[in-house]
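# An overview of the molecular structure
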Amino acid sequence: MKKLLRRTPSPAGTGPAPRSRTALALVAAPLAALLLAVTGCSSGSESGSESGSPSGSGAFPATVQTTFGDVTVEEKPERVVALGWGDAETALALGVQPVGQSDWLEFGGDGVGPWAKGRYDERPQKIGTLEPEYEKIAALKPDLILDTKSSGDQERYDTLSKIAPTVGIPEGGERYMSSWKKQTEMVSTALGEEKRGRQLIRDVEGEFAAAKKKHPEFHGKTVTLGSRTASSWGAYVHGTGRAEFVERLGFENNPAVEKRAGKNFSVSVSEENLDQLDADLMVTAPIGVTAKKIESDPLYRKIPAVADGRALVFEDDSNLGRAFATDSVLSVSYALDKVVPLFAEHVK
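In this text the structure is predicted, and so the values were computed from the model without any measurement. (Residues numbered from 1 in each chain as written. Predicted model: local features only at pLDDT ≥ 70, side-chain atom pairs only at ≥ 80, totals over all residues. Heavy atoms only, no water.)

### Quick word on the overall build of the protein
Secondary structure summary: the protein contains 14 helices and 14 strands in total. The proportion of buried residues among the 348 residues of the protein is 52%. Look at the contacts in the protein between residues 6 or more apart in sequence, and 71% of them connect residues 24 or more apart. Element-wise, carbon and sulfur atoms account for 49% of the exposed surface of the protein, whose accessible area totals about 15600 Å². (Helix = DSSP H or I, 4+ residues; strand = E, 2+ residues; numbered from the N terminus. Buried < 20%, exposed > 50% of the residue type's maximum accessible area, 1.4 Å probe, protein only. Contact = heavy atoms within 4.5 Å. Areas by Shrake-Rupley, 256 points an atom, 1.4 Å probe, with all protein chains shown as cover.)

If you want it as structure tokens, here you go:
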């Protein structure tokens, strides 16, 4: 395999802290053997395309800034493995079909939502999410791994980068909080499809602008983006894809939730404090429970927004909720088309 990577590491101490559990233990001797096989293959890829690099010298070499340092892809990758949440959909939107991918929301089939249906000619190999199956990844002999929206774990990244050049979370990014726009920029650069990526971003930004103009009633209204699991309630904070989605439409994320925001993408809310979820609009996603369980909860029904008809709950396993959660360049467009009309029905 031709060398496709140059990596400039981050200064010591600037990368994410390693986990206590050692990811390398999952790899062991079988992976070492596979790595030897991978390094002996030839990519046979071509360089240069009309999309161009930031320096204007052609698509490759292409450099992507990540929290682990700059990653330079020397030649056009031909075998891509997409591990991060939404990475596969982003690659598909750019005309590239990954040979392996993670199915974060258990769609089954090709592992992508209906907004990306029909973009695969051949079903990809499924790869685990929170704990990638490193041996399976190495067996696919990738020449590029995409992991732009994931845990941002140093050991995960180090293990993956020994298999193939790996584009991790963005520079200064937080775990699982890479926006659809940043994800599209990073993936399109790594794939040599920057021109196509910029057009996708312009298209979706235009859709947001049109939706915002169509619904001036959203401007300045507060919104809670909540969730309910079998054991707890929660709400998403500024910086997540869900919050960015509604903010682009003119909403303000619930100030009571923001006061409690930390480094995580959500805050937990106890049953005795469910009134903190109250806002001009409440949107709740069921996770491992039914919508009926949420809607029939006496404490939930007492929240002013619920009592006043300003609350909606996504249906069980709804593609609407999944599109909202995935936050890829394709799912965001789908959500704008399907979810925004629901918001309009409940805003007063």
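### Section: the pairing of strand β3 (residues 69-73)
The side chains of a regular strand alternate between both faces of the sheet. Taking burial as the measure, the five residues of β3 include four buried ones, the bulk of the element. When strand β2 (residues 62-66) meets β3, the two strands line up antiparallel, connected through five bridges. If you follow T63 over to β3, its bridge partner there is T72. The hairpin turn running from β2 into β3, its antiparallel successor, is two residues long. (Pairing = 2+ DSSP bridges.)

### Looking at the pairing of strand β13 (residues 281-286)
Buried residues dominate β13, accounting for six of its six residues. Neither face of β13 is exposed, since L281, V283 and A285 on one face and M282, T284 and P286 on the opposite face are all buried. Pairing between strand β9 (residues 222-228) and β13: six bridges, direction parallel. If you follow V223 over to β13, its bridge partner there is L281. The pairing of β13 with strand β14 (residues 311-313) spans three bridges and is parallel. Following the sheet pairing, M282 is matched in β14 by A311.

### Things to note about helix α6 (residues 194-214)
With 21 residues, α6 should cover 30 Å at 1.5 Å per step; its first-to-last C-alpha distance of 30 Å lies within 8% of that length. Three or more residues of α6 are buried, namely E194, G197, L200, I201, V204, F208 and A211. Buried residues of α6 fall within an arc of 125° about the axis and therefore sit on the same side. Facing away from the buried surface of α6 by more than 90 degrees, the exposed residues are K213 and K214. The secondary structure elements touched by the buried residues of α6 are α2 (87-93), α5 (180-190), α7 (241-248) and α13 (329-338). (Expected span 1.5 Å × (residues − 1). Arc of directions from axis to C-beta.)

### Some details on empty space enclosed by the protein
Tallied over the entire structure, the rule returns two cavities of 30 Å³ or more. Of the volumes computed, that of the largest cavity is approximately 90 Å³. Lining of the largest cavity is provided by 15 residues; of these, G86, E89, S102, W104 and G111 occupy positions nearest its centre. The set of elements that each furnish at least two residues to the lining of the largest cavity consists of α2 and β5 (100-102). (1 Å grid on protein atoms, 1.4 Å probe; cavity = no way out; pocket = protein on both sides within 12 Å on 5 of 7 lines; lining within 4 Å. Points joined across faces, edges and corners; volume = space filled by probe spheres on them.)

### Quick look at the packing of helix α12 (residues 319-326) against α13
At a minimum axis separation of 8 Å, α12 and α13 run at an interaxial angle of 135°. Relative to α13, the element α12 lies oblique. Between α12 and α13 the crossing geometry is left-handed. Between α12, through N319, L320, A323 and T326, and α13, the contact on the second element is made entirely by S331, Y334, A335 and K338. (Axes fitted to C-alpha atoms, helices over the stretch in contact; angles between N-to-C directions. Parallel < 35°, antiparallel > 145°, perpendicular 65-115°, else oblique. Left-handed = near helix turned anticlockwise from the far one by under 90°.)

### Brief notes about α12
When you tally the buried positions in α12, you get six out of eight residues, the bulk of the element. Those residues of α12 not exposed but buried are G321, R322, A323, F324, A325 and T326. Check the buried side of α12 and you find it contacts α2, β9, α7, α13 and α14 (340-346). One or two residues past the end of α12 sits D327, with phi positive at roughly 55°.

### Focus on the layout of surface pockets
In this structure, the largest pocket spans a volume of roughly 560 Å³. Every residue lining the largest pocket is counted, 23 residues in all, and those nearest its centre are L105, P286, I287, R322 and A325. Looking at the lining of the largest pocket, the elements that each hand over two or more residues are β9, β13 and α12. Looking at the lining of the largest pocket residue by residue, the class counts come to 13 nonpolar, five polar and five charged. Considered as a void within the structure, the second largest pocket measures approximately 310 Å³ in volume. Along its surface, the second largest pocket is lined by 15 residues, and K182, E185, M186, T189 and E194 are the ones closest to its centre. Of all the secondary-structure elements, those providing two or more residues to the lining of the second largest pocket are β2, α5 and α6. Taken together, the residues of the lining of the second largest pocket break down into five nonpolar, four polar and six charged. (Nonpolar A, V, L, I, M, F, W, Y, C, P; charged D, E, K, R; others polar.)

### A short note on the sheet that holds strand β8 (residues 166-167)
The strand order across the open sheet formed by five strands is β6-β5-β4-β7-β8, and the pairing between neighbours is parallel. Since the sheet does not close on itself, it has two edges, and those belong to β6 (125-127) and β8, each with one partner. Looking at chain direction, strand β4 (residues 80-82) and β5 are connected through two bridges and run parallel. Each residue of the ladder has a partner; that of V81, found in β5, is G100.

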